[in-house]
Amino acid sequence: MTSHIRTCDVHSAPLPRPRGPISGEVISRLRSPADIGPWPIHVTAGEPYGEDVQLALAVLYEMHYRGFDGVDAEWEWMPGPLGVRAQLEQLFLHALRHDVPECDDPNAVLDALCHEPHDAWGLSHQLAAYGTWEQVREFFVHRSIYHLKEADPNAWAIPRLTGRSKAALVAVEFDEYGGGRAERVHSRLFADLLVAAGLSDDYLGYLERVPAETLATVNFMSLCGLHRVRTPMLVGMFAATEVTSTPGSRRMVSALERLEAPPACITFYSEHVEADVVHELVLRFDVVGDLVAKDPGCAADIAFGADATEFLEGRLAQRLLAAWAEDRSSLTSPAFG
């Protein structure tokens, strides 16, 4: 079956190099014309957080965003890739369920995120106090995988919500998309940041440079967004991201001002300092609050979405901090000299 469908005129990245047998088979099959046959790829032996599984998931999820250059667009909904993706998702979610403590109180989770201990120390603290320009640029490379599609995974929640929660989430997304101004869309602001930092603003331009820890943070967003049944998890993830964004962004502004970074780099984070204070309140009370009031049974999934996001972000932070403590790159291969 050969696709004759024209997709939107957006830039698509080339398929990446495989990182193991699973991603190798997925990438190899995507190079062929789409067909309805099954893909006999068995993923049970894959490491849930490993490079092979996370790259395979990232590639399969990307078929629902912009796809890849030269890949038949009709693969998006064919049984083969969907079946393999379901196996990979089951593996990933099983690992997260094992590693993230159960909780049925999303307010407690979000309250904890709102109140940092006085001795808290993480990635943004390190960058604010001691980060070098090269480490900041490396951090930008990691974040480019999400920020060049910022807000897109969360938009999948819109048709699944009603009333107050729907209106509130759309209001937040409206801000994320620049309030109707193309030059203020957050993904555009991050592209401007990359260019100002002397980096490529190509969509997924650094896909081959970032490790599994980076891919997992974005894959979890896509997993929650693409499944209607995971909508409460998506809301929890979104709320946790906004709750932690303001203090983290404020520290990034401090880091960039200390390093006398280009204004476009500072603008991206100063925008989030201002916007996400409001977003946090809207998501907590108008989206999470409304969902739990309508269906108390979704509380545990909202809490899990928030906690799993923090768990995955913690794994990524540990990788970067450990690498920098040893004066080496946290990327899989150098992104710049």
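The sections below set out a description of the structure shown in this document. (Residues numbered from 1 in each chain as written. Predicted model: local features only at pLDDT ≥ 70, side-chain atom pairs only at ≥ 80, totals over all residues. Heavy atoms only, no water.)

Turning our attention to helix α4 (residues 106-114). Within an α-helix, residues lying three or four positions from one another point in the same direction, as the helix has 3.6 residues per turn. For α4, every residue scored as buried is listed here: P106, V109, L110 and L113. Along the axis of α4, the buried residues cluster in a sector spanning 90°; they form a single face. Measuring from the backbone nitrogen of N107 back to the side-chain oxygen at the start of α4 gives 3.2 Å, which picks out D105 as the cap. (Buried < 20%, exposed > 50% of the residue type's maximum accessible area, 1.4 Å probe, protein only. Helix = DSSP H or I, 4+ residues; strand = E, 2+ residues; numbered from the N terminus. Arc of directions from axis to C-beta. Polar contact = N/O pair within 3.5 Å; in protein donor to acceptor, adjacent residues only side chain to side chain.)

Moving on to empty space enclosed by the protein. A complete count under the given rule lists one cavity of 30 Å³ or more for this structure. Taken as a whole, the largest cavity holds about 90 Å³ of empty space. Looking at the lining of the largest cavity, the elements that each hand over two or more residues are α2 (51-62) and α10 (212-226). (1 Å grid on protein atoms, 1.4 Å probe; cavity = no way out; pocket = protein on both sides within 12 Å on 5 of 7 lines; lining within 4 Å. Points joined across faces, edges and corners; volume = space filled by probe spheres on them.)

Let's shift gears to the side chain of T231. Tracing the sequence through the fold places T231 in helix α11 (residues 231-258). You can call T231 buried: its relative accessible area is 6%. Within the local environment of T231, its side chain forms a polar contact with the backbone oxygen of R228, the two atoms lying 2.7 Å apart. The residues contacting T231, other than those within four sequence positions of it, are A157, R160, L161 and C224. (Contact = heavy atoms within 4.5 Å.)

This brings us to the packing of aromatic side chains. The geometry of an aromatic ring pair comes down to the distance between the two centres and the angle between the two planes. Going through the model one piece at a time under the given rule, you end up with eleven aromatic pairs. On the numbers, 5.0 Å between centres and 70° between planes, the contact of F190 with F268 is edge-to-face. One end of the pair, F190, is in helix α9 (residues 186-196); the other, F268, is in helix α12 (residues 263-294), with 78 residues separating them in the sequence. No difference in accessibility class separates F190 from F268, as the two residues are buried. Members of the aromatic cluster, each reached through a chain of ring pairs, are W133, F140, F190, F268 and Y269. Sitting over the face of the ring of Y203, R66 holds its NZ or CZ atom 3.9 Å from the ring centroid. Sitting above the plane of the Y49 ring, R315 keeps its charged end 4.5 Å from the centroid. (Phe/Tyr/Trp six-rings, centres within 6.5 Å; stacked < 30°, edge-to-face > 60°. Lys NZ or Arg CZ within 6 Å of the ring centre and 35° of its normal.)

Looking now at the environment of L312. Mapped onto the elements, L312 comes out in helix α13 (residues 299-325). Judged by relative accessible area, which is 1%, L312 ranks as buried. It is 9.7 Å that separates the C-alpha atoms of L312 and V100, two residues lying 212 residues apart in sequence. In contact with L312, not counting residues within four places along its chain, are Y49, F92, L96, A216, T217 and F220.

Between helix α5 (residues 123-130) and helix α6 (residues 133-147), the least distance of the axes is 10 Å, while the angle of their chain directions is 150°. Here α5 is positioned roughly antiparallel relative to α6, judged by the angle of their axes. Once α5 is placed against α6, the crossing between them reads as left-handed. Contacts between α5 and α6 pair L123, L127 and Y130 from the former with Q135, V136 and F139 from the latter. Here the residues of the contact of α5 with α6 sort into five nonpolar, one polar and no charged. (Axes fitted to C-alpha atoms, helices over the stretch in contact; angles between N-to-C directions. Parallel < 35°, antiparallel > 145°, perpendicular 65-115°, else oblique. Left-handed = near helix turned anticlockwise from the far one by under 90°. Nonpolar A, V, L, I, M, F, W, Y, C, P; charged D, E, K, R; others polar.)

Another point: the nonpolar core. Of all hydrophobic cores here, the largest spans 107 residues; its most connected members are F140, F220 and Y269. Per-element accounting of this core gives the leading share, twelve residues, to α11. Apart from residues lying up to four places away in sequence, Y269 is in contact with F139, F140, F190, L193, S249, M252, V253 and L256. (Core = buried A, V, L, I, M, F, W, Y, C linked by side-chain atoms within 4.5 Å.)

What follows deals with the pattern of salt bridges. Under the definition given, this model contains 17 salt bridges. Across the pair R137 and E134 runs a salt bridge whose closest N-O atoms are separated by 3.3 Å. Of this pair, R137 and E134 both sit in helix α6, separated by three residues, roughly a single helical turn. The buried category is assigned to R137, whose relative accessible area is 9%. A residue is classified by how much of its surface remains accessible, and E134, at 35% relative accessible area, is partly exposed. Among the ionic pairs, D290 bridges to K294, the shortest N-O distance being 2.9 Å. In this pair, D290 and K294 both sit in helix α12, four residues apart, roughly one turn of the helix. (Salt bridge = Lys/Arg side-chain N within 4 Å of Asp/Glu carboxyl O.)

In short, shape yes, function no, at least from these values alone.
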